[in-house]
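Residues per chain, in single letters:
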Amino acid sequence: MVGNFSYSSPTFADGLIFLGNLDHNVYALKATDGSLVGRFQTDGPVTSTPLIHGAMLYVGSNDSNVYALDISDSFESKKLRSHDDALWTVRTQDWVNSSPCLVDGVLYIGSNDRHVYAIDATTGRLKWKAPTRGPAIAIPSVYKNLVVAAGASGDGSVYAFQRADGTAFWRHQTGGKIDSDPVIVGDHMFVSSADGNLYRFSFKRTTVE
């Protein structure tokens, strides 16, 4: 018996589906028949979508932690694994609804504590964290030397931070909260807002379309 699957999206790797659950677990299932391979237990609901890179799995949890797991052997049996089996954890001050983005060995992820985090994906060392005005639940995106993120309820802003140190580079305020994830295509970024608009921004121009 398992709890409800909600918000977390499935991630496929090497014949397995990895998926977070409101019952505090990340599940590994065979893609062919859905049979259980293993699960990893956190101390809170997992609404974050797991990210797979090589033998590593990265995911956030509503227990306020970001986790890195070695999946090369963590799911070999149906034994319940716990947070003690993680390679590293990074503690935030609130839920981690956001899902991770990995670029050049750095993991970018938001937290409901109103910060975007940059974490060394190998060691778990915190490189920097940058403030937002509301919970950072969107999946960050990367454009060259910038990290783009969005704030949810109580914010409604789109942010760009310097990848090197998290310094604020640019912010645009919309008229409503942003629950969507900024998407970058070429030199353009798209994001929707609860103000009823879909926004397109150009990195080569200063105007907003």
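Residues numbered from 1 in each chain as written. Predicted model: local features only at pLDDT ≥ 70, side-chain atom pairs only at ≥ 80, totals over all residues. Heavy atoms only, no water.

*Asks:* Sorry if this is basic, but what is going on with the overall build of the protein here?
*Replies:* Helix and strand counts for the protein stand at 0 helices and 20 strands. The C-alpha atoms of the protein give 17 Å as radius of gyration, which agrees with the globular expectation for 209 residues (17 Å, within 12%). For the protein, the C-alpha atoms occupy an extent of roughly 55 × 35 × 30 Å along the three principal directions. Relative to all contacts within the protein whose residues are 6 or more apart in sequence, the contacts with residues 24 or more apart total 38%. Summing over all exposed atoms, the protein offers an accessible surface of approximately 9,800 Å²; the carbon and sulfur share of this is 50%. Charged side chains of the protein number 18 positive and 21 negative; the gap between the two group centres comes to 5 Å. (Helix = DSSP H or I, 4+ residues; strand = E, 2+ residues; numbered from the N terminus. Rg over C-alpha atoms; globule rule 2.2 N^0.38 Å. Contact = heavy atoms within 4.5 Å. Areas by Shrake-Rupley, 256 points an atom, 1.4 Å probe, with all protein chains shown as cover. Lys, Arg positive; Asp, Glu negative; His and termini not counted. Charge placed at Lys NZ, Arg CZ, Asp CG, Glu CD.)

*Asks:* Looking at this structure, I do not really get the sheet that holds strand β11 (residues 106–111). What am I missing?
*Replies:* Taken in spatial order, the 4 strands of this open sheet run β10-β11-β12-β13, and their pairing is antiparallel. Each edge of the sheet is formed by a strand with only one pairing partner; in this case those strands are β10 (101–103) and β13 (126–131). For this sheet, the mean angle separating the axes of adjacent strands, direction not counted, is 20 degrees. In the sheet, strand β12 (residues 115–120) pairs with β13 via 5 bridges, with the strands oriented antiparallel. Each residue of the ladder has a partner; that of H115, found in β13, is P131. (Pairing = 2+ DSSP bridges. Axes fitted to C-alpha atoms, helices over the stretch in contact; angles between N-to-C directions.)

*Asks:* Would you explain the pattern of salt bridges in this entry?
*Replies:* Side chains carrying opposite charge are able to pair once their charged atoms draw close together. Per the stated rule, a full pass over the model turns up 2 salt bridges. Linking D104 and R163 is a salt bridge whose minimum nitrogen-to-oxygen distance equals 2.9 Å. With D104 in the loop between β10 and β11 and R163 in the loop between β16 (157–162) and β17 (168–173), this pair connects stretches of sequence that are 59 residues apart. Relative accessible area serves as the criterion here: at 66%, D104 is assigned to the exposed category. Residues D179 and K177 are paired through a salt bridge, measuring 3.4 Å at the closest nitrogen-oxygen approach. (Salt bridge = Lys/Arg side-chain N within 4 Å of Asp/Glu carboxyl O. Buried < 20%, exposed > 50% of the residue type's maximum accessible area, 1.4 Å probe, protein only.)

*Asks:* Can you walk me through the layout of surface pockets in this structure?
*Replies:* A probe as big as a water molecule, rolled over the atoms, marks out the empty space that is left. In this structure, the largest pocket encloses a volume near 250 Å³. What lines the largest pocket is Y7, T47, T49, W95, N97, S98, S99, I137, A138, I139, D179 and D181. The class makeup of the residues in the lining of the largest pocket is 5 nonpolar, 5 polar and 2 charged. (1 Å grid on protein atoms, 1.4 Å probe; cavity = no way out; pocket = protein on both sides within 12 Å on 5 of 7 lines; lining within 4 Å. Points joined across faces, edges and corners; volume = space filled by probe spheres on them. Nonpolar A, V, L, I, M, F, W, Y, C, P; charged D, E, K, R; others polar.)

*Asks:* Help me understand the sheet that holds strand β15 (residues 146–150), please; the structure alone is not making it clear to me.
*Replies:* Strand pairs in the sheet, formed through backbone hydrogen bonds, run parallel or antiparallel to each other. The sheet built from 4 strands is open, its strands ordered β14-β15-β16-β17 with antiparallel pairing. The open sheet has two free edges, formed respectively by β14 (141–143) and β17, since each of these has just one partner strand. Across the sheet, the mean angle from the axis of one strand to that of its neighbour is 20 degrees, orientation sign disregarded. As judged from the 5 bridges shared by β16 and β17, these two strands associate in the antiparallel manner. Along β17, the bridge assignment pairs Y159 with R171.

*Asks:* Help me understand the side chain of R163 in this model?
*Replies:* For R163, a relative accessible area of 18% corresponds to the buried category. Of the polar contacts made by the side chain of R163, one reaches the side chain of D104; its length is 2.9 Å. Not counting the four nearest positions on each side in its chain, R163 is found in contact with V103, D104, Y108, W128, V142, K144, N145, L146 and V147. (Polar contact = N/O pair within 3.5 Å; in protein donor to acceptor, adjacent residues only side chain to side chain.)

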